[in-house]
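Spelled out from the first residue to the last, the chains are:
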Amino acid sequence: MRSLRIIVDYSITNLAVQAGGIENSAKKMIEGLRVCGAEMFPIRLRFTSECIVPQTQKNNEGEFTWHELHVPHEIGEAFSAEQFSWRSVDRLVVEEYVKFFKEVQPDLILINGFPWFQHYLVQAARTAHIPYIILHHGLVYKELPYIAISSSARHRVEMWEREGSDKAAGEIFITQQSLRVWRDKNILSRKNSDFVVPLPVDDIFFARNKVFRVPKDKVQIGWVGRWDALKRPEYVAQIASHLKRTHDVHAVTRVTRNSLILFTEEVFSRQVILHAPMPPVELHVFYASLDACILPSAFEAMGKVVIEAAASGIPTFITEDVCLSDIYHQTNMQDFFLTGKDIGEDVKCIQRNRNKKCTPEFLAYVENEHRESVAYPRLYKALCDINNIVGN
């Protein structure tokens, strides 16, 4: 079988710094697809004050190479503006992307998630008549209510996500549940070119026999997540406040300014033990030091931290809005559901089930679906299947 030539976005620089694991996950995926035989051409969008018009530069980090599209900083600042000439911005950025596409001549373009700036990639792909595939790490329409942007910008992004989906050669969802949620909202979603491929977690999380727990006087609870309203850090702090006498609640996050979150770092750290984001090898040790994790998010297309914790031997309390809840029901993990609304009831649930472990059925699911050696070949096969459907 001929190797696919794939252009893939490699996150956005300032977003990667804020979110911690996004850039590392993108790099792992690119390397995993290369091992499967794909020719990968990562491209990254970066805002800079050093250029007047968009331009592409080649960058190297050891053996990892990517092409970086430098975009005038004013474009990024203008995103939330009510009055802005998007047509002129689109033309400049799209022209630069198309020029790069002509140099590479890819079989397809992989849209790695759909944040707002991927609109440029979609427009460029359509202009250059190159099929593109969307890998839905999340569902933007579910996340937008928790992002502080103007109403016109919110409407624009919803339109971009919907139009991007309608014109895509195919779409890949990371859980069956997130595909169902998407189809409930978008009745035009294709049936023959939609695939479900669970995302992998780093193999380091499966090395449970190499980590030894140190006994603690209190029960150890953990939360790992970005500092945004969707992840509900204020609810985490409320849970921690109620559990404080008998539990230590740890939070791995980077506190940033967010107008939708009232807590400051000082206030948040009064309720939890705060940790900076950490690489997988340290995060694995962190998970293994806990009794359980919590993830009371308003929405998660999968909830990768749930899989990381389970691979490390630790269960996670989740809400029904985490798109692993179907799997929880199927694998007898019903004791680990939070309401996400009733603090008292959720505190009782944690206290009642804090010493329980992941069921053998759920651990088997994690082992069989989320190892890198399984997930990346499945992802590459899905890309090849979609490529065959569109006739490349």
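For the structure itself, consult the block above.
Residues numbered from 1 in each chain as written. Predicted model: local features only at pLDDT ≥ 70, side-chain atom pairs only at ≥ 80, totals over all residues. Heavy atoms only, no water.

## Here's the deal with helix α12 (residues 304-311)
Of all the eight residues making up α12, seven are buried; the element is thus mostly covered by neighbouring parts of the structure. When we look at burial in α12, the residues that qualify are Val-305, Val-306, Ile-307, Glu-308, Ala-309, Ala-310 and Ala-311. In this fold, the buried residues of α12 make contact with β9 (219-224), α11 (280-288), β12 (292-295), β13 (316-318), α13 (325-330) and α15 (360-369). (Buried < 20%, exposed > 50% of the residue type's maximum accessible area, 1.4 Å probe, protein only. Helix = DSSP H or I, 4+ residues; strand = E, 2+ residues; numbered from the N terminus. Contact = heavy atoms within 4.5 Å.)

## Some points on the nonpolar core
The biggest cluster of nonpolar side chains holds 96 residues, and the ones touching the most others in it are Leu-33, Leu-110, Ile-172, Tyr-287, Phe-362 and Leu-383. Per element, the largest residue contribution to this core is seven residues, and it comes from helix α16 (residues 372-389). Here Leu-383 is in contact with Leu-4, Ile-6, Leu-33, Leu-108, Leu-110, Ile-133 and Ile-172, once residues within four sequence places are set aside. Leu-45, Tyr-97, Ile-109 and Ala-124 belong to the second-largest nonpolar core, a separate cluster that totals 25 residues. (Core = buried A, V, L, I, M, F, W, Y, C linked by side-chain atoms within 4.5 Å.)

## Notes on empty space enclosed by the protein
All chains considered together, the criterion is met by one cavity of 30 Å³ or more. Of the volumes computed, that of the largest cavity is approximately 40 Å³. Gly-222, Trp-223, Val-224, Tyr-287, Cys-293, Ile-294, Leu-295, Val-305 and Thr-316 together form the lining of the largest cavity. Within the residue set of the lining of the largest cavity, elements represented by two or more residues are β9 and β12. Of the residues contributing to the lining of the largest cavity, the split by class is seven nonpolar, two polar and no charged. (1 Å grid on protein atoms, 1.4 Å probe; cavity = no way out; pocket = protein on both sides within 12 Å on 5 of 7 lines; lining within 4 Å. Points joined across faces, edges and corners; volume = space filled by probe spheres on them. Nonpolar A, V, L, I, M, F, W, Y, C, P; charged D, E, K, R; others polar.)

## Structural notes on the pattern of salt bridges
Two side chains bearing opposite charge may form a pair once their charged atoms approach each other closely. Tallied over the full model, the rule gives 16 salt bridges. Among the salt bridges present, the one from Asp-203 reaches Arg-371, with a minimum N-O distance of 3.9 Å. In this pair, Asp-203 is assigned in the loop between β8 (194-196) and β9 and Arg-371 in the loop between α15 and α16, connecting sequence segments 168 residues apart. Classification of Arg-371 by relative accessible area gives partly exposed; the value is 23%. Between Asp-385 and Lys-381 there is a salt bridge, with the nearest N and O atoms lying 2.9 Å from each other. You can see Asp-385 and its partner Lys-381 sitting in helix α16, four residues apart, about one turn around the helix. (Salt bridge = Lys/Arg side-chain N within 4 Å of Asp/Glu carboxyl O.)

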